[in-house]
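# Overview (structure and organization)
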Amino acid sequence: IYSYVGDENHHPIYYEETELFKKMLAKAKVDCHFVEVHDADFTPLKWEPSTSLLHIPGAISTELDLHLKVKVAEIQEFVNKGGKFLGWCGGGYW
């Protein structure tokens, strides 16, 4: 699971949602590797779509726009190739 942290995503809701998500995965006994992804590492076309999920947690949507709008085509291609996407709160507008 690639969880977008970004360089601006240090809002408390990010940490709350991410910890809740990790707890939900643990309770469901989902075996996975959780990777926090910063802007420099945000390369969805290098991730294996069939086994990957992109998680964009809660954040201020205008801040997400500033950082991710140049990656929209890559996110779409990742999903079109079988990658999964989960956005919560501001991340859900994507």
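For the structure, check the block above.
This write-up is about the structure you can find in this document. (Residues numbered from 1 in each chain as written. Predicted model: local features only at pLDDT ≥ 70, side-chain atom pairs only at ≥ 80, totals over all residues. Heavy atoms only, no water.)

### So, the side chain of Glu17
Mapping Glu17 onto the fold places it in helix H1 (residues 12-27). One buried charged side chain, Glu17, makes no salt bridge at all; its nearest oppositely charged neighbour is Lys22, positioned 13 Å away. (Helix = DSSP H or I, 4+ residues; strand = E, 2+ residues; numbered from the N terminus. Buried < 20%, exposed > 50% of the residue type's maximum accessible area, 1.4 Å probe, protein only. Lys, Arg positive; Asp, Glu negative; His and termini not counted. Salt bridge = Lys/Arg side-chain N within 4 Å of Asp/Glu carboxyl O.)

### Some words on the sheet that holds strand S1 (residues 2-4)
Reading across the sheet, the 4 strands line up as S2-S1-S3-S4 and stay open at both edges, with parallel pairing between neighbours. Of all strands in the sheet, those with a lone pairing partner are strand S2 (35-37) and strand S4 (84-87), marking the two edges. The sheet shows a mean angle of 25° between the axes of neighbouring strands, taken without regard to direction. Direction of pairing for S1 relative to strand S3 (residues 53-56): parallel, over a ladder of 2 bridges. Bridging from a neighbouring strand, Tyr2 pairs with Leu54 of S3. (Pairing = 2+ DSSP bridges. Axes fitted to C-alpha atoms, helices over the stretch in contact; angles between N-to-C directions.)

### Here's the deal with the environment of Ser50
Summarising the element assignment, Ser50 is placed in the loop between S2 and S3. One polar contact links Ser50 to Glu48, side chain to side chain, over a distance of 2.9 Å. (Polar contact = N/O pair within 3.5 Å; in protein donor to acceptor, adjacent residues only side chain to side chain.)

### Re the side chain of His55
With respect to the secondary-structure elements, His55 resides in strand S3. Only 2.8 Å separates the side chain of His55 from the side chain of Ser3, close enough to count as a polar contact. Setting aside residues no more than four positions away along its own chain, His55 makes contact with Ile1, Tyr2, Ser3, Tyr4, Thr18, Phe21, Phe34 and Leu86. (Contact = heavy atoms within 4.5 Å.)

### Comments concerning the nonpolar core
If you look at the biggest cluster of nonpolar residues, it comprises 11 residues: Tyr4, Val37, Phe42, Trp47, Leu54, Ile56, Ala59, Leu64, Leu68, Ile75 and Phe78. Going through the elements one at a time, S3, helix H2 (61-68) and helix H3 (72-80) are the ones with two or more residues in this core. Once you skip the residues sitting within four places of it in the chain, Leu54 turns out to touch Tyr2, Phe42, Trp47, Ile75, Phe78, Lys84, Phe85 and Leu86. Counting residues in each nonpolar core, the second largest holds 5 residues, with Ile1, Leu25, Leu53 and Trp88 among its members. (Core = buried A, V, L, I, M, F, W, Y, C linked by side-chain atoms within 4.5 Å.)

### What about the pattern of salt bridges?
One pass over the full model with this rule turns up 3 salt bridges. For Lys22, the salt bridge is made with Glu19, and the minimal N-O distance between the two is 3.7 Å. Placement of both Lys22 and Glu19 in helix H1 is noted, with a separation of 3 residues, approximately one turn of the helix. Looking at Glu19, the relative accessible area reads 41%, which means it is partly exposed. Across the salt bridge formed by Lys71 and Glu74, the nearest N and O atoms sit 3.6 Å from each other. Take Lys71: its relative accessible area is 19%, and that puts it in the buried class.

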